[in-house]
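Secondary and tertiary structure notes
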Amino acid sequence: MKKKLFVILLLSLVITGCQTAPVSTKTPLELQAIQSKEFETSKKVAFAATLSVLQDLGYISDSASIETGLITAKSPMQNKFVPFVGKVMTTIKVNAFVEEITAGRTKVRVNFLDSRYVQNRNGRQEEERPIETPDKYQDFFSKVQQGIFLRKNLQ
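Presented here is an overview of the structure given in this document. All chains use their own residue numbering, which begins from 1 and follows the written sequence. Totals for whole chains, interfaces and linings use every residue, but because this is a predicted model, local features are given only for residues with pLDDT of at least 70 and side-chain atom pairs only at 80 or more, for both listing and counting. Calculated side-chain values reflect all of the structure's heavy atoms, with hydrogen atoms and water omitted.

Side note on the overall build of the chain
Tallying secondary structure elements over the chain gives 4 helices and 7 strands in all. Reading the helices (α) and strands (β) of the chain from amino to carboxyl end gives α-α-β-α-β-β-β-β-β-β-α. For the chain, buried positions account for 30% of its 155 residues. What makes two residues a contact is simply this: any of their non-hydrogen atoms within 4.5 Å. Across the chain, every contact between residues at least 6 apart in sequence was considered, and the portion connecting residues at least 24 apart equals 54%. Note that accessible areas follow from Shrake-Rupley with a 1.4 Å probe, and for residues the cover is restricted to the protein chains shown. Taken as a whole, the chain presents about 10300 Å² of accessible surface, with 57% of it coming from carbon and sulfur. In DSSP terms, a helix is any run of H or I states spanning at least four residues, a strand is any run of E spanning at least two, and both are numbered starting from the N terminus. Only protein chains enter the calculation, and the probe is 1.4 Å; a residue is then buried if its accessible area is under 20% of its type maximum, exposed if over 50%, and partly exposed in between.

Below, the structure is given as structure tokens:
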């Protein structure tokens, strides 16, 4: 009985361990639509609000440049040990691009990537998948809008 249970457990781990990353079901235009939002504000205000929201959500900034409009950040690394797999580390990476479209009108595009690293005796394997859930982006942009509102009214 124990041997059968062990074989079933081992087979289930092998099968799930060999899964490939799912292929995106969204077109590039569909992704851009959920990852972008325009705001009635200057680039400076939108950039500061975007960076502030990322920090409020617990992301750690890797780089930020108002000149280029690019912000890169990641969430703290989560570590766990999975038997027969090894050490599994997960984090969410974020890239944001803030650009002024016209005077007083700015576009923010952000993408979230789910990053997974597996460390075992065979080495390190990495997998990154874009997060395509519209709710995550809507929530983020809602918070950026609030940040812009506060900044504009505190000036």
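A few points about a nonpolar patch on the surface
Where nonpolar side chains cluster on the molecular surface, the patch consists of Phe149, Leu150 and Leu154 and spans about 370 Å² of accessible area. Locating Leu150 in the fold gives a position in helix 4 (residues 134–154). Exposure above 30% relative accessible area and the lack of any salt bridge qualify a residue for a patch; like charges then connect within 9 Å, and the nonpolar side chains Val, Leu, Ile, Met, Phe, Trp and Tyr within 5 Å. When a carboxyl oxygen of Asp or Glu is within 4 Å of a side-chain nitrogen of Lys or Arg, the pair counts as a salt bridge.

Quick notes on the packing of helix 3 (residues 43–56) against helix 4
Axis lines are fitted to C-alpha atoms, over the contacting stretch for helices. Their N-to-C directions set the angle, which ranges from 0 to 180 degrees. Running from N to C, helix 3 and helix 4 point in directions that differ by 125°, and their axes come no closer than 8 Å. The angle between helix 3 and helix 4 places the two elements in the oblique class. At the point where helix 3 passes helix 4, the crossing takes the right-handed sense. In contact with Val45, Ala46, Ala48, Ala49, Thr50, Ser52, Val53 and Leu54 of helix 3, helix 4 contributes Phe140, Lys143, Val144, Gly147, Ile148, Arg151 and Lys152. For classification purposes, an angle smaller than 35 degrees is called roughly parallel, one larger than 145 roughly antiparallel, one from 65 to 115 roughly perpendicular, and anything else oblique. Two helices cross in a left-handed way if the nearer one is turned anticlockwise from the farther one by less than a right angle. They cross in a right-handed way if the turn is clockwise.

Geometric descriptors of this kind do not, in isolation, establish any biological role.
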